[in-house]
Amino acid sequence: MYLSSATGQGDLLTAKGMRNVTPQQIAELMSVKIYVERSHETLPGVTVGELGGSVYDLVKLIASTLNETGEILERSGMADLGSFVLRSLTSKHAGGSGATVDDILNDLVSAFPAFRDMAVVDGRPVYCFKKALFLIHAMTLRFGSSSPPPLPLPDTTNLPVFTDNVLPSLLVHLGVLDLSGAKDAALRDIFPDAANSTKVNTLLALPQDTGIGTAVGSGTKPGKVPPKEGPTLTSDQAYILRAAAVDTCEKIVKYAHQLDEASLSDDQKWIKDITPPELDMWLWAVAKDRPDYRELERFVLRDTVFF
């Protein structure tokens, strides 16, 4: 959408552009087909195309989310989402400092349904806010290296991981997140190989064909084979796993900080200072770029805009 908005075709990233974008435009930008063919009811040998299929459902979901977001921005008098975020960054000052993460998160979640990544599961609230938290962190990554930064930025060092379907699935496959005692019995065997110690140990070992540095990104990337589609979960089940991944990663970071520095080699000492966002980025990198990790199934949640 960013590139197409710079070609004179109309800026789709403005409030007006998002409000008016159509499923057909989204399909064109994604280079996907949203028509399915079926046999004509009365003419043998003739097929007709009609809008439909799972890809069309996805395209409609994206378009409706953008339409809703654009409408909210226009009602707020904002030209685009960036203007909304900038207002949030600059309008909250506690003790003379800039906005906190909580300030900005509250603004985003209160204004836009697409950021309200939360649920009540078994009577307990679960807050994930993947996209809102990632947006805030991305602002800090983008502008935080400037001295001084061009705008007030919050400290995102201790944000939780940006939990989706990739992190919990990978943590289960690696034997870090154990589902054998899950209250929901249906979750215990969603990834059967997670109970196979031989398979888990193979995944935890260094890749056979490259060193660990190469596996995460030396410029030589494996072929882009789409990850396997895993089990389809309910919304509650997905929130349970996503919340478990947040808690698990917090424990990993805490454990890393308690390591004896003398027991670490020079190229491992960075582990003692790792933050949850850095752990998130590392897990995502290996899940995407290490071939045997990329082949691992990720659980599926239908009809969600949260990840």
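Residues numbered from 1 in each chain as written. Predicted model: local features only at pLDDT ≥ 70, side-chain atom pairs only at ≥ 80, totals over all residues. Heavy atoms only, no water.

**Student:** Got a sec to walk through the overall build of the protein chain? Specific residues and values, please.
**Tutor:** The number of helices and strands found in the protein chain is 12 helices and 6 strands. Evaluated residue by residue, the protein chain yields a buried proportion of 36% over its 307 residues. Considering only residue pairs separated by 6 or more positions, the protein chain has 66% of its internal contacts joining residues 24 or more positions apart. Entry remark: accessible area of the protein chain is about 17500 Å², with carbon and sulfur atoms responsible for 55%. (Helix = DSSP H or I, 4+ residues; strand = E, 2+ residues; numbered from the N terminus. Buried < 20%, exposed > 50% of the residue type's maximum accessible area, 1.4 Å probe, protein only. Contact = heavy atoms within 4.5 Å. Areas by Shrake-Rupley, 256 points an atom, 1.4 Å probe, with all protein chains shown as cover.)

**Student:** Residue-level account of a nonpolar patch on the surface, with values.
**Tutor:** Taken together, the side chains of F134, L141 and M281 present a nonpolar region at the surface, about 270 Å² in accessible area. Counting through the fold element by element, L141 comes out in helix 6 (residues 130-143). Given a relative accessible area of 53%, L141 falls into the exposed group. (Patch = residues over 30% accessible without salt bridge, like charges linked within 9 Å, V, L, I, M, F, W, Y side chains within 5 Å. Salt bridge = Lys/Arg side-chain N within 4 Å of Asp/Glu carboxyl O.)

**Student:** How would you explain the nonpolar core if you had to name every residue and give the values?
**Tutor:** When a protein is soluble and globular, its nonpolar side chains tend to lie buried together. Formed by 33 residues in total, the largest nonpolar core has its most connected members in L73, L105, L108, F112 and L133. Of all the secondary-structure elements, those providing two or more residues to this core are helix 1 (15-20), helix 2 (23-30), helix 3 (54-75), helix 4 (81-91), helix 5 (101-111) and helix 6. In terms of residue count, the dominant contributor to this core is helix 3 (6 residues). Among residues more than four places away in sequence, those in contact with L108 are F84, V85, F115, A132, L135 and I136. Among the nonpolar cores identified, the runner-up in size contains 30 residues, and L177, L203, V253 and A256 belong to it. (Core = buried A, V, L, I, M, F, W, Y, C linked by side-chain atoms within 4.5 Å.)

**Student:** Describe in detail the packing of aromatic side chains, supporting the description with residues and values.
**Tutor:** This model, assessed by the stated rule, comprises 5 aromatic pairs. With 6.0 Å between their ring centres and 80° between their planes, F112 and F115 make a pair best called edge-to-face. Per residue, the accessibility class of F112 equals that of F115, and both read buried. Ring geometry for F134 and F162: centres 5.4 Å apart, planes at 85°, overall edge-to-face. Separated by 28 residues along the polypeptide, F134 in helix 6 and F162 in the loop between helix 6 and helix 7 (166-173) bring together distant segments of the chain. Overall, the relative accessible area of 37% leaves F134 in the partly exposed class. Here a set of aromatic residues connected by ring pairs shows up, and it is made of F84, F112 and F115. (Phe/Tyr/Trp six-rings, centres within 6.5 Å; stacked < 30°, edge-to-face > 60°.)

**Student:** Quick rundown of the confidence of the model for the protein chain? Include the residues and the values.
**Tutor:** A residue-level look at the protein chain finds 89% of positions with pLDDT of 70 or above and a mean pLDDT of 89. Within the model, the stretch residues 210-220 combines pLDDT values under 50 with 10 contacts to residues more than four positions away or in other chains. (pLDDT = per-residue confidence, 0-100.)

**Student:** How would you sum up the environment of L187? Please name residues and give values.
**Tutor:** Take L187: it is sitting in the loop between helix 7 and helix 8 (197-204). Measuring from C-alpha to C-alpha, the distance between L187 and L233 comes to 8.7 Å, with 46 residues separating the pair along the chain. Among all residues touching L187, those that are not within four sequence positions of it are L179, A182, L233, Q237, I240 and L241.

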